[in-house]
Structure formats: structure tokens, C-alpha cells
Amino acid sequence: DGGITQSPKYLFRKEGQNVTLSCEQNLNHDAMYWYRQDPGQGLRLIYYSQIVNDFQKGDIAEGYSVSREKKESFPLTVTSAQKNPTAFYLCASSRQGDEQYFGPGTRLTVT
Amino acid sequence: RKEVEQDPGPFNVPEGATVAFNCTYSNSASQSFFWYRQDCRKEPKLLMSVYSSGNEDGRFTAQLNRASQYISLLIRDSKLSDSATYLCVVKGTEGTGGFKTIFGAGTRLFVKA
């Protein structure tokens, strides 16, 4: 089955800890994206990557970091510098210029 | 002005009703348009692409008006299972030569029995 997987589905961390969210796709898509969604809000772009070993900041990159060492993988690290990390994090992928397909998301709660 | 604006909603309709969602976009150079559906606490899923000639998929019809920079989604004979948030998505090129995708905030639909 082709698709996008994110793990874990739920994640709990203490304030001050860095945490890495996993995103893997086997759709052979070049582009991958990370979004954040807060309750009742739209999607906000954190980072995106159009090709391996290259990525760009989105609209709300502060406090986050990414890497794109493999085409299939685009992990997101939420650092302790992110002031309000509790949110629903969605990973997506696409062929260049085409529609995006989303993973099931990770709900991060930081207390 | 937001790059992509949708009706604020929510829409509350009875089963069987016809409901229309509207979306406007600010970038006249936008190239691709989509409607996504997002169920509560789930990921967005592609509902349909929107073509210049309009397109229909069963009870769903999408239309694009480039002159007015306006996209619409019509749901006929609405079902309880249509209850969800509908997201308007616009994609266009950006200055670096890549693609930029903008998601609308979404319009929540409640279909009641």
C-alpha cells in the first residue's frame, strides 16, 4: 500500500524537551511538507522540501527544524524554543505542482 | 486581505439540502485549485480538483471563475456523512520558481437528520 505514515499518533512531552516527529512516504513524491493546525484554525506551513538535501522555511518556522536526507523521510524536530508547541502536526507530500496527500497526523501535547 | 478566503460558517443544513461553499483568492497567477475535506481530528483528504471547465463527481460540483478569482463547491442531496470541514486550496508559482500552496481556513458543515 502506498501512502504517508506519521508516528506516533499521540505524543506527550515535558516543557523544555526537544521532540522529533516522524514522516515517511512511499509514493515516490519529491516534495514534502510540515503543517501545524491549532483547534478551530487552518493549516499553517512550518517547513517544506522540494528535493532531497534541500528545504525552506514556511510561515512559522521559528522553534522548529527539519532534515531531508532521504526522499522518503522528512522528520520534524520541535525544539524547546517553540513557545506554544501543543498542536496537531500534519505531514504531506506531492509531486511537484500537484495536489498534496496528508499523513494521519501527530497530536503533540507539551506540559 | 487573506490570500485565500472562505465563508466563515458553520453551515447547518437538513439532510437532502443543497449547500454551496465559496472561496476567493488574491493571486491572479494561481494555477491549480482543489477542495479538501477534513473530518474532526483527522487529516485533510482531497475531495476534488477544480478545472477551468468545471467538474462534477456524483453529488459534488466544483467551479472556477478565473476572472473573478472565485472557486465554488456545490453539494447536492447532502447526507449526514457529508458533515466535515471543507478546505479551499490554491496553488501557484512563487518567486523562487517553486510552488506555493495556500489553504483556506475552512468552512464547517453540519448536516442534520
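All figures in this text were calculated on a predicted structure; none of them were measured in a lab.

Our next topic: the side chain of Thr61 of chain B. Residue and element names in this part refer to chain B. Note that Thr61 resides in strand S7 (residues 60-65). Among the polar contacts listed, one links the side chain of Thr61 to the side chain of Arg76, at a separation of 2.8 Å. Here Thr61 is in contact with Asn55, Glu56, Ser72, Leu73, Leu74 and Arg76, once residues within four sequence places are set aside.

The interface is formed by 17 residues belonging to chain B together with 21 residues belonging to chain A. Between chain B and chain A the total buried area reaches about 1500 Å² when both faces are included, carbon and sulfur atoms providing 50% of it. Run the count over chain B and chain A and you get 0 salt bridges. Taken together, the connections running from chain B to chain A amount to 4 residue pairs in polar contact (both at pLDDT 80 or more). Of the residues forming the side of chain B that touches chain A, the biggest block, 4 residues, is contributed by strand S4 (residues 32-38) of chain B. Partitioned by chemical class, the residues of the side of chain B that touches chain A number 8 nonpolar, 4 polar and 5 charged.

The next subject is the pairing of strand S3 (residues 19-25) of chain B. Residues and elements named next belong to chain B. A one-sided burial pattern is seen for S3, the buried positions being Val19, Phe21, Cys23 and Tyr25 and the unburied ones Ala20, Asn22 and Thr24. Across 3 bridges, the pairing between strand S1 (residues 4-6) and S3 is antiparallel. Paired with Val4 across the strands is Tyr25, a residue of S3. Across 6 bridges, S3 lies against strand S8 (residues 70-75) in antiparallel orientation.

Our next topic: the pattern of salt bridges. As enumerated under the stated definition, the model contains 9 salt bridges over all chains in all. We note a salt bridge from Arg95 of chain A to Asp98 of chain A, for which the minimum N-O separation is 3.1 Å. Lys79 of chain B is the salt-bridge partner of Asp77 of chain B, the closest N and O atoms lying 2.9 Å from each other. With a relative accessible area of 31%, Lys79 of chain B lands in the partly exposed category. Three or more residues joined by partner-sharing salt bridges are found here, namely Arg36, Asp38 and Arg44 of chain A.

Conventions used here
- Residues numbered from 1 in each chain as written.
- Chains lettered and ligands numbered in written order.
- Predicted model: local features only at pLDDT ≥ 70, side-chain atom pairs only at ≥ 80, totals over all residues.
- Heavy atoms only, no water.
- Helix = DSSP H or I, 4+ residues; strand = E, 2+ residues; numbered from the N terminus.
- Polar contact = N/O pair within 3.5 Å; in protein donor to acceptor, adjacent residues only side chain to side chain.
- Contact = heavy atoms within 4.5 Å.
- Buried area = accessible area lost by both parts, 1.4 Å probe.
- Salt bridge = Lys/Arg side-chain N within 4 Å of Asp/Glu carboxyl O.
- Nonpolar A, V, L, I, M, F, W, Y, C, P; charged D, E, K, R; others polar.
- Buried < 20%, exposed > 50% of the residue type's maximum accessible area, 1.4 Å probe, protein only.
- Pairing = 2+ DSSP bridges.

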